[in-house]
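The primary structure of each chain is shown beneath.
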Amino acid sequence: MALSEQKTMKTADILSEFRASFFAMSRLASLPWTFVEDDLLSNESSEFISALLKQTCLHPLCRRFPPSVRFRRMFLSELIRREAADCDPLDELYDALAEVLGAEEETECYKSYFLPGGGAVSLLENVALISEGTTGLVTWEAALYLAEWALDHRQVFAGRSVLELGSGAGLTGITICRSCRPHSFVFSDCHSTVLQKLRENVRLNALSEQTSPAARVHELDWTTATEDQLAEIGADTVIAADVVYDPEVAVSLVKLLSKILSRPSTQVQPEILICSTVRNPETYGGFKQQLENAGIHHEVMTGAVSSVFPYNRLAAIELIKLYR
Ligand SMILES: C[S@@+](CC[C@H](N)C(=O)[O-])C[C@H]1O[C@@H](n2cnc3c(N)ncnc32)[C@H](O)[C@@H]1O
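Predicted model only: the values in this text are computed from it and were never measured.

Brief notes about the nonpolar core
Judged by nonpolar contacts, the single largest core of 76 residues is most densely connected at Leu-146, Leu-171 and Cys-275. Sort the elements by how many residues they give to this core and helix α7 (residues 141–152) lands first, with nine residues. Counting residues domain by domain, this core receives three or more from each of domain 1 (3–106) and domain 2 (116–323). Those residues in contact with Leu-171, other than ones at most four positions away along the chain, are Tyr-113, Val-121, Leu-123, Thr-139, Ala-143, Leu-144 and Ala-147.

What to know about helix α11 (residues 247–260)
A rise of 1.5 Å per residue sets the reference length of α11, with its 14 residues, at 20 Å; its end C-alpha atoms lie 20 Å apart and thus fit the reference within 8%. Along α11, the residues that are buried comprise Ala-250, Leu-253, Val-254, Leu-256, Leu-257 and Ile-260. Here the buried residues of α11 occupy an arc of 165° about the axis, which is enough to place them on one side.

Observations concerning the domain arrangement of the protein chain
On domain assignment, one finds that the protein chain holds domain 1 (3–106) and domain 2 (116–323). Placing a centre on the C-alpha atoms of domain 1 and another on those of domain 2 gives a separation of 34 Å. With nine residues of domain 1 in contact, the opposing surface of domain 2 contributes five residues. Its residues assigned to classes, the side of domain 1 that touches domain 2 comprises five nonpolar, three polar and one charged.

Procedures and definitions
- Residues numbered from 1 in each chain as written.
- Predicted model: local features only at pLDDT ≥ 70, side-chain atom pairs only at ≥ 80, totals over all residues.
- Core = buried A, V, L, I, M, F, W, Y, C linked by C-beta atoms within 7 Å.
- Buried ≥ 20, exposed ≤ 12 C-beta atoms within 10 Å, placed from the backbone.
- Helix = DSSP H or I, 4+ residues; strand = E, 2+ residues; numbered from the N terminus.
- Domains from an automatic or database assignment.
- Contact = placed C-beta atoms within 7 Å.
- Expected span 1.5 Å × (residues − 1).
- Arc of directions from axis to C-beta.
- Nonpolar A, V, L, I, M, F, W, Y, C, P; charged D, E, K, R; others polar.

This is the structure:
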């Protein structure tokens, strides 16, 4: 491959890395800024910055589903800081900054996660990680990991009736619906604001009971869910991401998982996958011990997953499959 072709390819990769990180509102320090600096130094032109703006603040997706005002302001300030030293100021960069400087800060924003086959999952999320007493208004890393695992193992979900526990903002489920051809998908949660946002996000991504797959949002509280409720949902695959973050929550979750796995042995047992960020090994170990005490065994799903979404890959994330 000629050197110029290699450079064009590298530029395209960097632009798509910037686009993915910008729309997912990744930590600014994790973006490949050194490439911008090197490019400005070697080309003495703002061509790359102009292309970068088209993939971020001036991308059509940013009009429809904009990341937070604060994030866009910080992103543009970083660009300006680098641009000013090396080349003529770019009008469109300052116009974009003027637009966000005049906008009001909000408590909600959009995040978009690009899918490998094209298109993106766009979600209305809260700016704060924890708000209104819940962790369910933002997308957590385990949800992104489980979605990546699903993209690598689409056959696990194809034709299946899937139930997701503690769906939160909905990233994992929407990715599965969009890419893995399940027969139907039930999103669930217990918190009223989370359920409201979840319904909005499902609709935003053009999913409904009438689509294929049929997608529904259920109120399902692990502490009160009944066998009848679970039978009515009738899932043959159950998934959950980042639901083991508190010892109390783990108790009710294990009770629910026991109910799900308590079908008569003549019936096919549902497949259950739980993906967790291990923040506190004691809490996670306690959850696994409770599973064993309830007669539920697990297998750790090892093996690398394809890197699709931007998130901290150093986080300790474990995916387990449960069985009786
Ligand atoms: C850390 S968030 C994870 C959200 C999403 N799965 C993700 O990983 O981005 C935990 C979710 O579990 C839900 N949750 C907690 N306790 C629950 C319960 N008893 N019944 C149902 N959902 C519950 C919360 O409302 C929240 O949406």
